Amino acid sequence: MKKMTRVAQRGNWRKESIVPYLYILPSLVVVISVLILPILYGSYLSFFDPILGIKGMKFIGLLNYKKFVTSPEFLNSLKHSLQWAGGAILGGSIMSLMAAMLMNERYRGRNFLRGVILIPWVISAVTVGLVWGWIFSGSYGLLNNILWRLGMVKNIDDILWLSNPKLVLLICTAIAVWRGFPFGAIVWLATLESIPDQLYEAAQIDGANRFNRFRYVTWPELKPAFVLVNIVGGAAVFNSFDLIWVLTKGGPLRYSEILATHLYKVAFWDFRIGAAAAISVIMFLITLIFAVVFLYLTHRKEA
Amino acid sequence: MLEKEGGLTRQIFLSSITGVLISLILGPFYWMVVTAIRNVNEVTTLPVKFFPRLFSLAGFRDLFGVGGLVWMKNSFILASFTLLFSLLIVIPAAYAVSRFNFPGSRVYLIILLAIRLFPGALTVIPLYKALHTLGLLDNYPALIFTYLGLSIPIPILILQTFFHSIPRELDEQAMIDGCSRLQVIWRIIIPVSLPGIIAIGTYIFIVAWNEFMYPLIFLQSDKLKPLQVGIAGLTAYYGPEIYIDRMAGATFSVVPVIILFLCFNKYLQKGLTSGALKE
């Protein structure tokens, strides 16, 4: 009797074929209306010259691309975006890996580190920008005061970190690393913890030293998560806006201008929505490269 | 890894790296709070003292004077509604993915995975233009709707891994006992996977609380500003007071996040590591 109800139930399970679609429908509506449609609409807008506040749109074909995507300002911010995303990936990988390997050891104090490590990651970029901006500021900034007291600089305002054309992007990148590395650290820590001790023991019996144990035991296990975190993080940093906006607004001049801040200025300082749309299309295409690599890797892993 | 737990040199070495790392993580927050509660004269007296002697709440007074409490209230409204609607969307979606092998479920998951790579900056211009045309700028429901695009994809991925670990027999048994699907979700799935719900709830609230670009662009009235936009806008004032005002604002914006974090850190870490990278 019980078996029969079970069988009936299974049939029922199949009849409910529309149910899962109903359940995912709201999420699809959100994704389509705030992500997919805007990207399509943005590509459409990029062929027009709508100026904020003025009614009507003039079709101008590829002119936005010709004029704004080849402009020195655009190329300058593209270069900065690549530098800043590349620097954040590199610095973030080193920091995250170090922190993950550290927390994977057994010693006193690691639980406290585990307890606080995510804090920079959960704090808003605005707060991070305000606080680090204050630490790096000129005469009253904490860093310059420390350097001055240690006698490492002659005058307290010898180095104006965030107004220095050569340093500003580097400092911003370091702050982005500070904010981003905890995520990689905890994800990679979880991977490290899943590697059975026996593998290390076997490697040690075979005479592998510390480096070789990392190279042949740890790295193959870690690699998938390592690559994925960096792609996701890289895409996020590449397109990010808030941290640099709060720290420098792209300044001094345009020395820390990245694509997102440039985009904002074109749209809301110059009121050129069409041109801004063209810039976001290019950003989208660059991000698409990240996405294709990402999907290729996640898929290959499963196959 | 393999080394024995003992070894004083090893312990000292690891502890000192940890000490450096922890001060790097927490140091800025110490400086933020110290500046926020300091007398403004102490901020500009060189050399700057690392421990405060003269205290003042002028920073907070200034902050409340320009609308800090209203911004905070706005942030709570935005984050709470985003949390509510996100959960209503995320829970059924994660349930569907974990329980039904429906055609298209893989494509759906792949879309969710890929979406994380396309952050707000790519859609903000067309969204702005669309909201402008529809007359929906300066409108909370519209703003919350755009927040959902940021807040639901990752939680669906995280939560479905939690749901996967609940045996299907529980659902089946409950349905034999006469429960509908929604009752199964409400009475069994949600209580059993509460750690997962807490993890994504924390994540969603923090995402909404921290969002800056959308409200900066989609809102126009001062009285609708959330905290992040408000404190970032404090840059408009000058004089040394700006430092204590900004740090008061920063402290103010961090407190709810830190409270949530301290309560739910374990769940959040587990959620992020279990679902962040998997389908």
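Residues numbered from 1 in each chain as written. Chains lettered and ligands numbered in written order. Predicted model: local features only at pLDDT ≥ 70, side-chain atom pairs only at ≥ 80, totals over all residues. Heavy atoms only, no water.

Overview of the overall build of chain B
Here's step 1: Looking only at helices and strands, chain B has 14 helices and zero strands in total.
Here's step 2: When its C-alpha atoms are laid out on the principal axes, chain B stretches across 75 × 70 × 35 Å.
Here's step 3: Counting every position in chain B, which comprises 279 residues, the buried fraction comes to 57%.
Here's step 4: For chain B, long-range pairs separated by at least 24 residues make up 76% of all intrachain contacts whose partners lie at least 6 apart in sequence. (Helix = DSSP H or I, 4+ residues; strand = E, 2+ residues; numbered from the N terminus. Buried < 20%, exposed > 50% of the residue type's maximum accessible area, 1.4 Å probe, protein only. Contact = heavy atoms within 4.5 Å.)

Looking at the overall build of chain A
Here's step 1: In terms of helices and strands, chain A carries 14 helices and zero strands.
Here's step 2: Traced from its N-terminal end to its C-terminal end, chain A shows the element sequence α-α-α-α-α-α-α-α-α-α-α-α-α-α.
Here's step 3: For a compact globule of 303 residues, the expected C-alpha radius of gyration is about 19 Å, and chain A comes in at 25 Å, more than 25% above that figure.
Here's step 4: Seen through its principal axes, chain A has C-alpha atoms that stretch 75 × 60 × 30 Å. (Rg over C-alpha atoms; globule rule 2.2 N^0.38 Å.)

Let's talk about unusual backbone geometry
Here's step 1: The omega angle of the peptide bond from G251(A) to P252(A) is -5 degrees, so this bond is cis rather than trans.
Here's step 2: Structurally, the position occupied by P252(A) is in the loop between α12 (242–247) and α13 (259–268).
Here's step 3: Positive phi outside glycine occurs at K249(A), with the angle close to 55 degrees.
Here's step 4: Mapping K249(A) onto the fold places it in the loop between α12 and α13.
Here's step 5: For D138(B), which is not glycine, the phi dihedral falls at a positive 65 degrees.

Some details on the interface of chain B and chain A
Here's step 1: Contacts between the two partners involve 102 residues from chain B, matched on the other side by 110 residues from chain A.
Here's step 2: Summing both sides of the interface, chain B and chain A together bury roughly 9900 Å²; the carbon and sulfur share of this comes to 76%.
Here's step 3: At the boundary of chain B and chain A, one finds one salt bridge.
Here's step 4: The shortest N-O distance in the salt bridge between E105(A) and R10(B) comes to 3.0 Å.
Here's step 5: Scanning the region where chain B abuts chain A turns up 15 residue pairs in polar contact (both at pLDDT 80 or more).
Here's step 6: It is helix α1 (residues 8–36) of chain B that contributes the most residues to the side of chain B that touches chain A, 16 residues altogether. (Buried area = accessible area lost by both parts, 1.4 Å probe. Salt bridge = Lys/Arg side-chain N within 4 Å of Asp/Glu carboxyl O. Polar contact = N/O pair within 3.5 Å; in protein donor to acceptor, adjacent residues only side chain to side chain.)

What to know about the pattern of salt bridges
Residue and element names in this part refer to chain A.
Here's step 1: Here the structure, examined in full by the defined rule, presents ten salt bridges over all chains.
Here's step 2: With its nearest N and O atoms 3.7 Å apart, the salt bridge here joins D49 to R272. Taken together, the residues span a long stretch of sequence, with D49 in the loop between α2 (19–45) and α3 (63–68) and R272 in the loop between α13 and α14 (273–302) at a distance of 223 residues.
Here's step 3: For the salt bridge of R106 with D197, the shortest nitrogen-to-oxygen distance reads 3.8 Å. In this pair, R106 is assigned in the loop between α4 (72–103) and α5 (110–116) and D197 in helix α10 (residues 197–205), connecting sequence segments 91 residues apart.
Here's step 4: In this structure R106 comes out as partly exposed when scored by relative accessible area, which is 37%.
Here's step 5: Classification of D197 as partly exposed rests on a relative accessible area of 32%.
Here's step 6: Taken together, the shared-partner salt bridges in this structure form one network comprising R254, E257 and K265.

Thoughts on helix α11 (residues 210–238) of chain A
Here's step 1: In this model α11(A) runs just 35 Å from its N-terminal to its C-terminal C-alpha over 29 residues, more than 12% under the 42 Å that 1.5 Å per residue would give.
Here's step 2: For α11(A), the principal kink sits at W219(A) and spans about 55 degrees; a proline, P220(A), occurs within the next four residues. (Expected span 1.5 Å × (residues − 1). Bend = angle between axes of the 7 residues up to and from the residue.)

Structural notes on the domain arrangement of chain A
All names here are of chain A.
Here's step 1: One can read the domain layout of chain A as domain 1 (1–45) and domain 2 (62–302).
Here's step 2: The partner domain 2 presents six residues to the four residues of domain 1 that form the contact.
Here's step 3: The largest share of the area that domain 1 buries against domain 2 comes from I39, S43 and L45, three residues that together contribute 85% of it.
Here's step 4: Between domain 1 and domain 2 we count zero salt bridges in total.
Here's step 5: In this structure, the connection of domain 1 to domain 2 is made through zero residue pairs in polar contact (both at pLDDT 80 or more).
Here's step 6: Among the residues making up the side of domain 1 that touches domain 2, the classes are represented as two nonpolar, two polar and no charged. (Domains from an automatic or database assignment. Nonpolar A, V, L, I, M, F, W, Y, C, P; charged D, E, K, R; others polar.)

Side note on the packing of helix α9 (residues 168–193) of chain A against α11(A)
Residue and element names in this part refer to chain A.
Here's step 1: Where α9 meets α11, the closest approach of the two axes is 10 Å, and the angle between their N-to-C directions is 150 degrees. One way to sum up the angle between α9 and α11 is to call them roughly antiparallel. Remark: the crossing between α9 and α11 carries right-handed chirality. Between α9 and α11, the residues in contact are F183, G184, V187, W188, T191 and L192 and T218, E221, L222, A225, F226, V229 and N230, respectively.
Here's step 2: When the residues that make up the contact of α9 with α11 are grouped by side-chain class, the tally is eight nonpolar, four polar and one charged. (Axes fitted to C-alpha atoms, helices over the stretch in contact; angles between N-to-C directions. Parallel < 35°, antiparallel > 145°, perpendicular 65-115°, else oblique. Left-handed = near helix turned anticlockwise from the far one by under 90°.)

Considerations on the nonpolar core
A general trend in soluble globular proteins is that nonpolar side chains are found buried together.
Here's step 1: The biggest cluster of nonpolar side chains holds 203 residues, and the ones touching the most others in it are W84(A), W188(A), I125(B), L159(B) and F218(B).
Here's step 2: When residues in this core are grouped by element, the largest group, 16 residues, is from α9(A). (Core = buried A, V, L, I, M, F, W, Y, C linked by side-chain atoms within 4.5 Å.)

Considerations on the environment of L83(B)
Here's step 1: Its place among the elements puts L83(B) in helix α4 (residues 68–99).
Here's step 2: Apart from the residues within four sequence positions on either side, L83(B) is in contact with G201(B), I204(B) and F205(B).

Some points on the packing of α2(A) against helix α5 (residues 105–115) of chain B
Here's step 1: As a packed pair, α2(A) and α5(B) sit with axes 12 Å apart at the nearest point and diverge in direction by 40 degrees. Relative to α5(B), α2(A) is oriented oblique. α2(A) and α5(B) meet at a crossing whose hand is left-handed. Along the contact surface, α2(A) presents I24(A), S27(A), L28(A), V31(A) and L35(A), while α5(B) presents Y108(B), I111(B), L112(B) and I115(B).
Here's step 2: Looking at the contact of α2(A) with α5(B), its residues break down into eight nonpolar, one polar and no charged.

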